[in-house]
There are 4 protein chains.
Amino acid sequence: MPLGDNSWGKSEVRLSKIIRGEAGDDFVDLAASVLLRGDVERAYTTGDNTAVLPTDTMRNTIYALAQDHLGRDLEAFGELLCDRFLASAGVTDAVVALAERIWDRATPHGFVGGSPERRLAKIARGRTEATAAGIEGLVVLKTTGSAFEGFPRDEYTVLPEAVDRILATSVTAEWDYATVPVDTSATWSLVRQTLVDHFFADWSASAQHQGYQMGEAVLSAVGEISEIRFRLPNQHHLPFDLSRFGVPWDGTVFHPVSEPYGDIRLTVTR
Amino acid sequence: MPLGDNSWGKSEVRLSKIIRGEAGDDFVDLAASVLLRGDVERAYTTGDNTAVLPTDTMRNTIYALAQDHLGRDLEAFGELLCDRFLASAGVTDAVVALAERIWDRATPHGFVGGSPERRLAKIARGRTEATAAGIEGLVVLKTTGSAFEGFPRDEYTVLPEAVDRILATSVTAEWDYATVPVDTSATWSLVRQTLVDHFFADWSASAQHQGYQMGEAVLSAVGEISEIRFRLPNQHHLPFDLSRFGVPWDGTVFHPVSEPYGDIRLTVTR
Amino acid sequence: MPLGDNSWGKSEVRLSKIIRGEAGDDFVDLAASVLLRGDVERAYTTGDNTAVLPTDTMRNTIYALAQDHLGRDLEAFGELLCDRFLASAGVTDAVVALAERIWDRATPHGFVGGSPERRLAKIARGRTEATAAGIEGLVVLKTTGSAFEGFPRDEYTVLPEAVDRILATSVTAEWDYATVPVDTSATWSLVRQTLVDHFFADWSASAQHQGYQMGEAVLSAVGEISEIRFRLPNQHHLPFDLSRFGVPWDGTVFHPVSEPYGDIRLTVTR
Amino acid sequence: MPLGDNSWGKSEVRLSKIIRGEAGDDFVDLAASVLLRGDVERAYTTGDNTAVLPTDTMRNTIYALAQDHLGRDLEAFGELLCDRFLASAGVTDAVVALAERIWDRATPHGFVGGSPERRLAKIARGRTEATAAGIEGLVVLKTTGSAFEGFPRDEYTVLPEAVDRILATSVTAEWDYATVPVDTSATWSLVRQTLVDHFFADWSASAQHQGYQMGEAVLSAVGEISEIRFRLPNQHHLPFDLSRFGVPWDGTVFHPVSEPYGDIRLTVTR
């Protein structure tokens, strides 16, 4: 039976790039998709793959070209990718779709991600009485100022020591009020600002160390808080290994992964 | 067999309230949850509901008390709810959890919602050549400046005419470039700002009318764009009917619903 | 500027219907969407809504026609809806899309919903030692055999007493092993089957009562389990009020809502 | 300030394993999480990582031990992992949580995944008249009977040739009726069964080849269908490279990834 319209490609290729500049960094965070059409009918009807550029190759191409060519002009990068794929034998059409998640630069190296962030309040009355507040979905990332070194190694440890790395998380924090502040909204805003400021300003040796400093800062800033609890998922940005293609990695192109994530939890008390 | 720890409540009660002020409105958008404990063992073991406050009553209570009592102090509102539930016979413990979605006030009556907003670019090369850009997840809401009146009525029409209502949407727009601008990033930012400005500033007789004005404004602002296509889900905020409890609705408390939504699509060309 | 292609409609209209039969019930669970095109250009360009059938009317029409006309032939129902909408002045095109969630009938009135169900195991070692197992995403529904009556009423209670109603939930349960069974997989399957069997077979006066019976049955069936904890979200199926259109509700058409939900939690021990 | 309760671990480690047997394969598909507690206070307070087992090492350990030790007894595997982590210096507590997605074996090597599968119907009337039906969320996987070889290689191609591999997808298909069948429900069930049967039975040289055979089979089985369109996301199961730990990979342990995915689309007509 006749094959009708068909295409093949790779979707949801997640890629981030640090573009370093005088005034600070730019951070480009993309989900890229490629869809090709071409003279590949025999792949469908007889299983002949001689013209089927692997979708894994498409993925690799995106990362490889990103290092030298991805900048703020997404359309130019998309065109470059299209041209590259059209140069493959048998490819007649290429569509590249790029979706960039928006990060707002807050400091030269610190970014806040667009997010359905929420203010939380939790009130218990009856046999237990407590008032807590919190935040969730506070998405922050810094391109420098975080390390992870000096950890123990065993036979399954291959992680390299990192003197400086991207640190990104979506902060969930909940704090108890020993005394409920007069203006809970102003207090919430102060806690939020303290979290953001210290995430960006405090150098950290780990996500754990980062969280502790943030907790200390909140307790210092707001006398009514007796304890703060954090969940800090470590949202990894993995260096994408270009050396397989004979290209040395220059420290700018990363593969952000949603899963797995480091699950860092801590409580800071008085 | 013995019943151990148990509780009952209502989760994800979605509620929004306009708090009108001199300098403009505040918009509080909550997902509220209640969890009670009490002397209700017989409900589990024998089906005796005499002490089981219905979770539907909890929901109604939240809306009813919100009209007079919900303000910026979420903790105070939560405490009020707890006290109310503890007054029910047999209830020994109440926990109220409130999660407020953050909306940033951009104009006295216009708000931008926290969102994983994305910049889009779509590049086609080969037998078809086109360059398009777009935006998705641009969440905007205005508390006034939108109507829906004069529509046809049939036997299944019960919708009241609205002289003034909340209008909220998550804008998805895609536009074609007849000529790709020199600075695609600056152009994207200009389009985004134009969309936001006109959503807030232009009075509209419907979501359709709103979208058309936004499209016209974009085409006026950016000469390189030949056509813009919109999807504008009408994210309904329904007046919550308090008259069932003998309380007249004062125009401030709404029930935002995720589904169904009005599905408004349009194209503006030159 | 010229208006290009445009359409308006309602999306994600959730509707379920019990079709009672000799051998048992059929349960049709739909998300319906409508999209119309027509002579409505002036709605966009000048705000004239005289030809704009409200999307709320579309929603009502779907429920109203479902009572008499929705059966297993989704395509026939879709065609009926299209014909109805095309009869509205100015409508030139109608597209109806229906998406039916699959429910497998397990008993004459009991259904298991398609779901990414998961088996859980949780092992703690160190200062605390415990082995627990669990299930999540076990989606079950019955069309009869559940009531909710005799509950307390206050000024915010409008819920009618229900002698017989739909009960639907997505079971999350976790149980502790006093002794880990020799065959944990067979034990897990036995627990699952016991939960399903008793959900369908045991008449309940409430979700709480249902859960307790399920817990008792599990503890009776598996001697190694010391305690079982449930979360049973009560996924409401609301009678859709057709009386506003002069049509008496015949007990078959419901509006399933995702939020809010009743949050029922309990523990059964030995 | 004092550090309170704290823990660190890795969440959402996705792992699948083929357990080959006489009567056919078993397929275990896990999301695993680890959470440790220990003498790591100095990591938080001073940035001293000497006792912080990296979460990346936890991940690797899960995969490495799975090859020899993961079977149907999830609790035993969890206990083994706990014991291993407790052997690390300074670790005092370990919690391992395993969540297994349920796959039903349909043939010796073919599995259907639990899923909120949906039957689709799409009816257009007016200037365009068409009736289509469809399916989405039909999750299928086979442990053998699919290859991907003979594809073109360029400088960015590192994908090895695969004589035999896991093939998994979530089928979305839509088909047009030239004539609407008398019994659309029976026809839908026949199409669904045909898709499942041929996915399992037909050897394929690629996802494209697999889809074409499925489409041909549907058109052969149902005379009323004029055309069928597929979207077949290739849900990759990557061999997890254990050689870094000096362990040869034995072909059973995989890393399933959600993103990116191969995006395979095709139409089969008459």
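Residues numbered from 1 in each chain as written. Chains lettered and ligands numbered in written order. Predicted model: local features only at pLDDT ≥ 70, side-chain atom pairs only at ≥ 80, totals over all residues.

**A few points about the overall build of chain A**
Note the threshold: Here a strand is any run of E in DSSP of at least two residues, a helix any run of H or I of at least four, and the numbering for each starts at the N terminus. Our radius of gyration looks at C-alpha atoms and nothing else; its globule reference is 2.2 Å times the residue count to the power 0.38. Exposed residues have 12 or fewer other C-beta atoms within 10 Å of their own C-beta, buried residues have 20 or more, and partly exposed residues fall in between, where C-beta atoms are placed from the backbone. Contacts here follow a simple rule: the backbone-placed C-beta atoms of the two residues must lie within 7 Å.
Along its length, chain A carries 5 helices and 12 strands. Over its C-alpha atoms chain A spans a radius of gyration of 23 Å, topping by over 25% the 18 Å that the globule rule assigns to 270 residues. Viewed in the frame of its principal axes, chain A has a C-alpha envelope of about 75 × 45 × 40 Å. Burial status across chain A gives 49% buried among its 270 residues. A separation threshold of at least 6 residues defines the contact pool for chain A, and within that pool the share at least 24 residues apart is 66%.

**Topic: the interface of chain D and chain A**
Formally: Amino acids are sorted into nonpolar (Ala, Val, Leu, Ile, Met, Phe, Trp, Tyr, Cys and Pro), charged (Asp, Glu, Lys and Arg) and polar (every other residue, Gly among them). A strand pair is defined by DSSP finding two or more bridges across the two strands.
Across the contact, 69 residues belong to chain D and 69 residues belong to chain A. Listed by contribution, the elements that provide at least two residues to the side of chain D that touches chain A are β1 (7-21), β2 (24-38), α1 (41-45), α2 (55-69), α5 (207-221) and β12 (261-269) of chain D. For the side of chain D that touches chain A, the class distribution of residues is 29 nonpolar, 24 polar and 16 charged. As paired strands, strand β12 (residues 261-269) of chain A and β1 of chain D are joined by 5 bridges and run antiparallel to one another. By the bridge assignment for β1 of chain D, R265 of chain A is matched with S7 of chain D.

**Observations concerning the interface of chain C and chain D**
Residue-level contacts link 40 residues of chain C with 40 residues of chain D. Residue assignment for the side of chain C that touches chain D shows that the elements contributing at least two residues are α3 (74-86), β3 (91-101), β6 (118-126), β7 (130-142) and α4 (184-201) of chain C. A total of 10 residues in the side of chain C that touches chain D trace back to one element, the largest contributor, which is β3 of chain C. As judged from the 9 bridges shared by β6 of chain C and strand β3 (residues 91-101) of chain D, these two strands associate in the antiparallel manner. Residue pairing across strands places R125 of chain C opposite A94 of chain D, the latter belonging to β3 of chain D.

**Notes on the relation of the copies chain D and chain A**
What counts here: Residues reaching a pLDDT of at least 70 in both copies supply the C-alpha atoms on which the copies are superposed by least squares.
Between the two copies, chain D and chain A, the superposition gives an RMSD of 0.0 Å; the rotation angle is 180 degrees and the shift along the axis is 0.0 Å. Look at the turn and shift together and you get a two-fold axis relating the two. No C-alpha of chain D approaches the rotation axis more nearly than that of S258 of chain D, which lies at 4.5 Å. A shared interface surface links the copies, since 100% of the contact residues of chain D are contact residues in chain A too.

**Some points on the arrangement of the chains**
Separated in space, chain A and chain C share no contact, their closest pair of C-alpha atoms being 16 Å apart. As for chain D relative to chain B, no contact occurs, and the smallest C-alpha gap between them is 16 Å.

**Here's the deal with the confidence of the model for chain A**
For clarity, the cut-off: Values of pLDDT, ranging from 0 to 100, describe the predictor's confidence in every residue of the model.
In the predicted model, chain A carries a mean pLDDT of 97, and the fraction of residues at 70 or more is 100%. For this predicted complex, the interface confidence reaches an ipTM of 0.96, while the overall pTM sits at 0.97.

**Quick word on the relation of the copies chain C and chain D**
Expressed as a screw operation, the relation of chain C to chain D combines 0.0 Å of axial shift with a rotation of 180 degrees, fitting to an RMSD of 0.0 Å. Comparing interface residues between copies, 100% of those in chain C also sit at the interface in chain D, which points to an isologous, same-surface contact.

**Things to note about the packing of helix α2 (residues 55-69) of chain B against helix α3 (residues 74-86) of chain B**
Residues and elements named next belong to chain B. Note the cut-off: To get an axis, a line is fitted to the C-alpha atoms, and for a helix only the part in contact is used. The angle between two axes follows their N-to-C directions and goes from 0 to 180 degrees. Oblique is the label for every angle not falling under 35 degrees (roughly parallel), over 145 degrees (roughly antiparallel), or within 65 to 115 degrees (roughly perpendicular). Throughout, a crossing is termed right-handed when the near helix is turned clockwise from the far one, and left-handed when it is turned anticlockwise from it by less than a right angle.
Contact geometry for α2 and α3: axes closest at 11 Å, N-to-C directions at 130 degrees. What the angle tells us is that α2 and α3 run oblique. α3 is crossed by α2, and the crossing has right-handed handedness. Residue-level inspection shows T61, I62, L65 and H69 of α2 in contact with α3, the latter providing F77, L80, L81 and R84. Among the residues forming the contact of α2 with α3, the class breakdown is 5 nonpolar, 2 polar and 1 charged.

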